[in-house]
Amino acid sequence: MSEPLQLTIDEGLARLTLNRPASLNAFDADLAHAWRDATAEAVARDDVGAILIDSNGRAFCAGGDVVAMSASMSGGHEITALAQVINAGILSLTTSAIPVVAAAHGTTAGGGLGILMCSDYAVVGASSKIGSRYANIGLTPDLSVSAQLARAVGERRALQLLLQDRMLTAEEAVDWGLVAEAVSGTDPEAEADAVRERAEQVARFWLAGASAAYGQAKRLVRSQPSRSFEQQLNAEADSIGAAFDTVDAQARIAGFAAASRKR
């Protein structure tokens with residue numbers, strides 16, 4: 001039986017691949033626990049400078065596996081407990097100082113939106129569809145959707161998506177600021193490959209540059225809601241001071257200064 005999530009690490013890039021293609025990578029208990037454990041491992045490793053979330057099959061993530069839940073869960077308390085397991089992985093990614101990119105080809109729906117928004121940069125396919133669909137089965141948003149969606153696109157647009165049976169096109173998702181870019185392919189498989197390739201290019205760009213600085217910039221933005229404006233100014237001042245003392249920054253500053261003197 002194949003693993004529900006594959007974690008691979010290559011030259012600083014940790015790849016988290018959702019691997020339940022027959023169920024559109026919807027989360028059941030096995031995937032939830034694998035997600036929690038793999039994200040914790042990825043953010044804890046000293047040799048990881050970027051994280052990429054992708055998936056196998058024709059969809060990115062359809063949220064929770066409703067069929068599995070209805071067959072195996074005895075009540076809402078079990079759903080709550082399972083959501084908390086997945087939430088632990090979401091917190092691992094969003095609170096880390098490691099930039100995360102998502103390769104979200106095909107459909108993203110329900111809690112899959114929360115997985116998508118764990119990323120700091122998202123790439124989708126030109127034919128991708130993104131939506132909520134919680135109310136279609138009488139459920140409410142989970143996996144950070146009510147918090148992260150409003151932050152990403154604004155409260156009014158978040159409500160438009162959550163209170164209607166609507167799937168955004170890739171063009172709309174880019175326009176709303178929900179994802180960074182959309183790429184195309186000659187067929188669904190080629191488009192999925194193009195999405196993964198572009199997402200890896202983004203991750204490799206971070207790794208080839210000042211990856212620690214990108215990670216700290218991500219941390220400052222992600223953690224900002226927990227601080228007042230004055231506290232955020234102080235956090236920025238502390239962060240840039242700490243960055244200035246790193247070996248990487250000293251080398252880059254020296255190079256910048258040398259190039260400036262030649263102009």
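It should be noted that the structure appears before, not after, this text.
Residues numbered from 1 in each chain as written. Predicted model: local features only at pLDDT ≥ 70, side-chain atom pairs only at ≥ 80, totals over all residues. Heavy atoms only, no water.

A.B. asks: Teacher, can you tell me more about the overall build of the chain here?
C.D. replies: Of regular secondary structure, the chain possesses 11 helices and 9 strands. Over its C-alpha trace the chain gives a radius of gyration of 19 Å, about what one expects of a compact globule, namely 18 Å for 263 residues. Looking at the chain residue by residue over its 263 residues, the buried ones come to 42%. For the chain, the proportion of contacts with a sequence separation of at least 24, taken over those separated by at least 6, is 70%. Surface accessibility of the chain: about 13,300 Å² in total, with carbon and sulfur atoms responsible for 55%. (Helix = DSSP H or I, 4+ residues; strand = E, 2+ residues; numbered from the N terminus. Rg over C-alpha atoms; globule rule 2.2 N^0.38 Å. Buried < 20%, exposed > 50% of the residue type's maximum accessible area, 1.4 Å probe, protein only. Contact = heavy atoms within 4.5 Å. Areas by Shrake-Rupley, 256 points an atom, 1.4 Å probe, with all protein chains shown as cover.)

A.B. asks: Before we go on, may I ask you to explain helix 9 (residues 211-223) in this structure?
C.D. replies: One full turn of an α-helix is made of 3.6 residues, so residues set three or four places apart face in the same direction. Here helix 9 spans 18 Å end to end across 13 residues, near enough to the 18 Å set by a 1.5 Å rise per residue. For helix 9, every residue scored as buried is listed here: Gly 215, Lys 218, Leu 220, Arg 222 and Ser 223. On its buried face, helix 9 is in contact with helix 3 (76-94), strand 4 (100-104), helix 5 (145-153) and helix 10 (229-244). (Expected span 1.5 Å × (residues − 1).)

A.B. asks: What is the right way to read a nonpolar patch on the surface from this model?
C.D. replies: On the surface, Val 66, Ile 137 and Leu 139 cluster together to form a nonpolar patch covering roughly 250 Å² of accessible area. In this fold, Ile 137 is placed in the loop between strand 7 (129-131) and helix 5. Look at Ile 137 and you get partly exposed, because its relative accessible area is 47%. (Patch = residues over 30% accessible without salt bridge, like charges linked within 9 Å, V, L, I, M, F, W, Y side chains within 5 Å. Salt bridge = Lys/Arg side-chain N within 4 Å of Asp/Glu carboxyl O.)

A.B. asks: Would you explain the sheet that holds strand 4 in this entry?
C.D. replies: Backbone hydrogen bonds hold the strands of a sheet together, and the pairing may be parallel or antiparallel. Taken in spatial order, the 6 strands make up an open sheet running 1-2-3-4-6-9, and their pairing is mixed. Each edge of the open sheet is held by one strand with a lone partner, namely strand 1 (5-10) and strand 9 (181-183). Pairs of neighbouring strands in the sheet enclose a mean axial angle of 20°, with direction left out of account. (Pairing = 2+ DSSP bridges. Axes fitted to C-alpha atoms, helices over the stretch in contact; angles between N-to-C directions.)

A.B. asks: Whenever I open this one, the pattern of salt bridges confuses me. Can you help?
C.D. replies: Side chains carrying opposite charge are able to pair once their charged atoms draw close together. One pass over the structure, following the stated rule, counts 17 salt bridges. Across the pair Asp 10 and Arg 204 runs a salt bridge whose closest N-O atoms are separated by 3.0 Å. Of the two residues, Asp 10 is situated in strand 1 and Arg 204 in helix 8 (residues 188-208); the sequence distance between them amounts to 194 residues. On the accessibility criterion, Arg 204 (23% relative accessible area) is partly exposed. Through salt bridges with shared partners, a single network forms among Asp 10, Arg 15, Asp 54, Glu 200 and Arg 204.

A.B. asks: I would appreciate a short explanation of the sheet that holds strand 5 (residues 107-109) in the present structure.
C.D. replies: An order of 5-7-8 is seen for the 3 strands of this open sheet, with the pairing classed as mixed. Strand pairing shows two members of the sheet lacking a second neighbour, strand 5 and strand 8 (167-169), which therefore form its edges. Shown here is a sheet whose adjacent strand axes are inclined to one another by a mean of 20°, direction ignored.

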